[in-house]
Amino acid sequence: MNYLSVENLSKNYGDKALFEQIGFGLEQGQKVALVAKNGSGKSTLLRILAEREMADGGEFAFNKDISVGFLEQDPHFEKGLSVIEYIFQSENPLFQAIKNYERALELQHTQAGDEAFAQLEEATQQMETLKAWDLELKVKQILTTFNIDQLNRPVDQLSGGQQKRVALSRVLIEEPDFLILDEPTNHLDLEMIEWLENYLIRSKMTLLLVTHDRYFLDRICTEILEMDDTGLYHHKGNYEYYLKKRAERIEMNSRVTEKARNLMRKELDWVRRMPKARGTKAKYRMDAFEDLKTKAKGKRKEEGLQLDVQMKRMGGKILELKHLSKAYGELKILDDFSYVFKKKERIGIVGKNGVGKSTFLNILTEQEAFDQGEIDKGETIAFGYYSQKGLELTEDKRVIDVVKEIAEVIPMSNGKNFTASQFLQTFQFPPEQQYAYVSTLSGGEKRRLYLLTVLVKNPNFLILDEPTNDLDLMTLNILEDFLSEYQGCVIIVTHDRYFMDKLVDHLFVFEGKGKIRDFNGKYTEYRNEQLRIEKEEKAKTKETSDTDKKKTQKPSTSKKKLSYKEQKEYEALEIEIEKLEEEKEAVNQQLSSGTITDHEELQKLSEKVGELMDTIEEKTLRWMELDDLKN
């Protein structure tokens, strides 16, 4: 069933064409990612589809029988509207019943008495009548997952990250048929992202999303729409398949362009020598010459971001933390933490929101004081701090002035000096955009400008707090390449698991209550260890429960061994789990092959991966139980 049709849609921003006469359609059950460079109009396209902005030409239509939900990149809220009022704005009686029930619970907690009890009793009866308990349980799960409490607090008083999570909670609770998501993983911690990932994999909703999180994209989406040079390319496959096809297209365009240039040189020579009286044949060649000119103007190779700066010399002494402690009242951030940083060290920082990751970075860069301890910093250390708050600029400042205020001339690693204008061009800011005002830049372009201002100071110790937010996938690839070759120290706080896995050597795990664990490995290795520990704890809990039951029974004189039936089950599980893992890998390979073009088949394969993951986890837990008995 067709859910969305887009035909000849166009949008300009001033003199700049964001996209021209693009068209595509989405069917029921498709999960599609939209990718493009910063400033290409991804968010604008989503806002047009959500009827928050007008197109300059073309049309689109959703199936009239479906509901559509939209999560903006930066949600806006009515002033004074409470969290509970925003989340349950729907007129659906079930949502109204849950809202009344949640309000009654809040009143019961803050104002005990007959009136509060009567309201709770009435709300409970309404929930019973409408059979709304299952939906209320789902609401509780979503709100708890995204750490949303204080439901009576005005949304406009929350932080940007809290507001994004509230807006995301609402669209998930409403569970529309068609869901449009713009950077849904921004401001979520890693556990929240994994929960959302699994939720969307299992969901029957049709999805159109913009995300920079490549693991998230790869595991959820089976198709990719790429906006490039105002046009649109459709890739039926996952992220790996998209990269392969995009590289092939760029290479093909490069060959076509080079061939056109060679032909143009010959044609140009002919045009210059031809007589003024042109016949039909000459007219034909003139038309062909104009076509060649158009092709020859194509890019010889794709223009990309070029990160290249001269790093300041680093001495033998870098940074030493000695018995650092920091707390806000009862909330401990650091508790007697010591560490000596080494050359070329690459550290990732992970932990739930609110445990103090950003505070730790502020302490390192002397932007915030610590309570106890000592920081011994080497004389040659120059920090480059890309903070989560981003670049704070007046909107009426020109792009080139932002750089000139820091430096007129920038030394590069190859010994050359670049002017501010040349340096901006290497960061994909062409001359015509350099004199534009900061207010005209997209969110991703502003973040790229901010990154430029950090690197222009030639730091030898980079601290990056959520550097991936709002950056396009191509910029992220170039940033990763730069950081891989960077000779200084790097600390990264990010919810982008792909980015972290690719760059860090070990992790500082903020476990809460001021405790920081140094984990020797990448994020995926850390997460696998956590899952293993969780499974072991579940097995121990069950074993304890079984032991408690046996205490009431006659004690056995010998250690319990596996029965014949359990032994056969144990052996069968080992083989079955191995086969399931192979099946999951085979399905993933099908998704990345690009040979399957039917969207329903792609959707079935995506759901199959989710089912296999659940089955493997369930059978592994049972195998561990039997293995404990066996040993």
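Residues numbered from 1 in each chain as written. Predicted model: local features only at pLDDT ≥ 70, side-chain atom pairs only at ≥ 80, totals over all residues. Heavy atoms only, no water.

The next subject is the sheet that holds strand β1 (residues 2-13). Here we have three strands laid out as an open sheet, ordered β2-β1-β4, and antiparallel in their pairing. Each end of this open sheet is capped by a strand with a single partner; those strands are β2 (16-27) and β4 (57-62). Averaged over all pairs of adjacent strands, the angle between their axes in this sheet comes to 15°, without regard to strand direction. Bridging between β1 and β2 involves eight bridges; their strand directions are antiparallel. Bridged to L4 within β2 is L26. (Pairing = 2+ DSSP bridges. Helix = DSSP H or I, 4+ residues; strand = E, 2+ residues; numbered from the N terminus. Axes fitted to C-alpha atoms, helices over the stretch in contact; angles between N-to-C directions.)

This next bit is on the packing of helix α3 (residues 93-110) against helix α4 (residues 114-130). Remark: α3 packs on α4, axes separated minimally by 9 Å, with the N-to-C direction vectors making an angle of 155°. Considering the angle they form, α3 stands roughly antiparallel to α4. Pair α3 / α4 crosses with left-handed handedness. On α4, the residues that touch P93, L94, A97, I98, N100, Y101, A104, L105, L107 and Q108 of α3 are A116, F117, Q119, L120, A123, T124, Q126, M127 and L130. (Parallel < 35°, antiparallel > 145°, perpendicular 65-115°, else oblique. Left-handed = near helix turned anticlockwise from the far one by under 90°. Contact = heavy atoms within 4.5 Å.)

What follows covers the layout of surface pockets. The computed volume of the second largest pocket comes to approximately 1700 Å³. Lining the second largest pocket are 48 residues, and of these E194, N198, R219, L531 and M613 sit closest to its centre. Elements that contribute at least two residues to the lining of the second largest pocket include exactly α5 (133-145), α7 (190-202), α8 (214-220), α9 (239-273), α17 (497-503), α18 (523-550), α19 (564-593) and α20 (599-630). At nine residues, α18 tops the list of elements feeding residues into the lining of the second largest pocket. Grouping the amino acids of the lining of the second largest pocket by side-chain chemistry returns 14 nonpolar, 13 polar and 21 charged. (1 Å grid on protein atoms, 1.4 Å probe; cavity = no way out; pocket = protein on both sides within 12 Å on 5 of 7 lines; lining within 4 Å. Points joined across faces, edges and corners; volume = space filled by probe spheres on them. Nonpolar A, V, L, I, M, F, W, Y, C, P; charged D, E, K, R; others polar.)

Moving on to the nonpolar core. With 100 residues, the main nonpolar core has F146, L168, L172, L181, L200, L462 and L483 as its most contacted residues. The dominant element in this core, judged by the number of residues it contributes, is α7, at eight residues. Not counting the four nearest positions on each side in its chain, L168 is found in contact with L71, F146, L181, P184, L188 and L196. In terms of nonpolar packing, the next biggest core, distinct from the first, is built from 27 residues, I318, I333, I349 and L361 among them. (Core = buried A, V, L, I, M, F, W, Y, C linked by side-chain atoms within 4.5 Å. Buried < 20%, exposed > 50% of the residue type's maximum accessible area, 1.4 Å probe, protein only.)

Below, the discussion takes up the packing of aromatic side chains. Enumeration according to the criterion identifies 23 aromatic pairs in this entry. Both rings, one in F62 and one in F178, keep their centres 5.1 Å apart while their planes meet at 80°; by these two values the pair is edge-to-face. Here F62, found in strand β4, pairs with F178, found in strand β6 (residues 178-182); they are 116 residues apart in sequence, far enough to count as distant. Each ring, one from F383 and one from F461, has its centre 5.0 Å from the other, and the planes form 65°; the classification is edge-to-face. Taken as a pair, F383 in strand β14 (residues 383-386) and F461 in strand β17 (residues 461-465) lie far apart in primary sequence, 78 residues in all. Residue F461 is classed as buried on the basis of its relative accessible area, which comes to 0%. Members of the aromatic cluster, each reached through a chain of ring pairs, are F337, Y339, F341, F360, F383, F461, F508 and F510. In this structure, R170 is placed above the aromatic ring of Y86, and the distance from its NZ or CZ to the ring centre is 4.6 Å. (Phe/Tyr/Trp six-rings, centres within 6.5 Å; stacked < 30°, edge-to-face > 60°. Lys NZ or Arg CZ within 6 Å of the ring centre and 35° of its normal.)

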